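Results of the structural survey
Here are the chains, one letter per residue:
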Amino acid sequence: MYQKYKNAELVKPSGIDLKDRLVGVQRVTKVTKGGRAFGFSAIVVVGDEAGVVGHGLGKSKDVATAIAKAVEDAKKNLVRIPIIKGTLPHEQKGKFGGARVNIIPAAPGTGVIAGGAVRTVLEAVGVHDVLSKSQGSSNPHNVVKATFDALLQLRDANSIAKDRGISLEKVFNG
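Fair warning: this is a prediction, and the values are worked out from it, not measured in the lab.

How each quantity is defined
- What you see as residue numbers is a count from 1 along each chain, following the sequence as written.
- Given that the model is predicted, a residue must reach a pLDDT of at least 70 before its local features are reported, and side-chain atom pairs must reach 80 or more before they are shown or counted; all residues, however, enter totals for whole chains, interfaces and linings.
- Working from all heavy atoms in the structure, the side-chain values ignore hydrogens and water.
- What counts as a helix is a DSSP run of H or I of at least four residues, what counts as a strand is a run of E of at least two, and both are numbered from the N terminus.
- Note on classification: 1.4 Å probe, protein chains only; a residue is buried when its accessible area is under 20% of the maximum for its type, exposed when over 50%, partly exposed between these limits.
- UniProt positions are given in the numbering used here, feature names are shortened, and annotations may be inferred rather than shown by experiment.
- Any two strands with at least two DSSP-identified bridges between them are counted as paired.
- Residue contacts follow a heavy-atom distance rule, with two residues in contact if any of their heavy atoms lie within 4.5 Å.
- The angle between two axes is taken between their N-to-C directions and runs from 0 to 180 degrees, where each axis is a line fitted to C-alpha atoms and a helix contributes only its stretch in contact.

Some remarks on the overall build of the protein
Looking only at helices and strands, one finds five helices and nine strands in the protein. Reading the secondary structure of the protein in the N-to-C direction produces β-β-β-β-α-β-β-β-β-α-β-α-α-α. Principal-axis analysis of the C-alpha atoms gives the protein an extent of 70 × 35 × 30 Å. By the burial criterion, 40% of the 174 residues in the protein qualify as buried.

Remarks on the UniProt feature "domain: S5 DRBM" (unreviewed entry) in the protein
Here, UniProt's "domain: S5 DRBM" (unreviewed entry) annotation points to residues 18-81. With 22% helix and 59% strand, the stretch residues 18-81 has end C-alpha atoms that lie 15 Å from each other.

Some details on the sheet that holds strand 4 (residues 52-60)
Sheet strands associate in pairs through backbone hydrogen bonding, adopting either a parallel or an antiparallel arrangement. Pairing is antiparallel across the open sheet formed by five strands, whose spatial order is 1-5-4-3-2. Taken across any chain shown, the strands that pair with only one partner, and hence form the sheet edges, are strand 1 (9-10) and strand 2 (19-32). Two strands pair when backbone bridges link them, and strand 2 and strand 3 (residues 35-47) are joined in this way by 13 bridges, in the antiparallel orientation. Looking across to strand 3, one finds that Gly24 is bridged to Ile43. On the sheet, helix 1 (residues 63-76) packs against strand 2, strand 3 and strand 4 and is oriented at approximately 145 degrees with respect to strand 4.

As structure tokens, this is what we get:
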């Protein structure tokens, strides 16, 4: 799922205290010759609030099962996100479908300034100070995936220094 991100570190769910957060539940309708068949789809974000996060989608005839399936799916897609002093290492834009998300690091004490699905993801990651702007589509599925796109492109100074084969000091001072 995350092959296009070279610095995406996949995490095993064992031994991590994960908290699940419900982003949204939709009632979906399938029209058949016998009438309408109702079902539910749930999108969930799980995270340990310390840099590990994943998202999942579950579908079922009842809400509780859909949420349970979504949580199981989310636990299969866990990734580690670099967090520095409760905020992000740098500004980043993410996009998925019609959704565009811009996340910006903020000074300590700012809090999570984000709406809806973006807030849920950032809180699950464990970011305490961040600014964000969601543009385009407000479809929660695409907003969550756009937020993940932005988060997975984040790189901390240590990984940049390692990739370039230079010292950490040289990354900052040229």
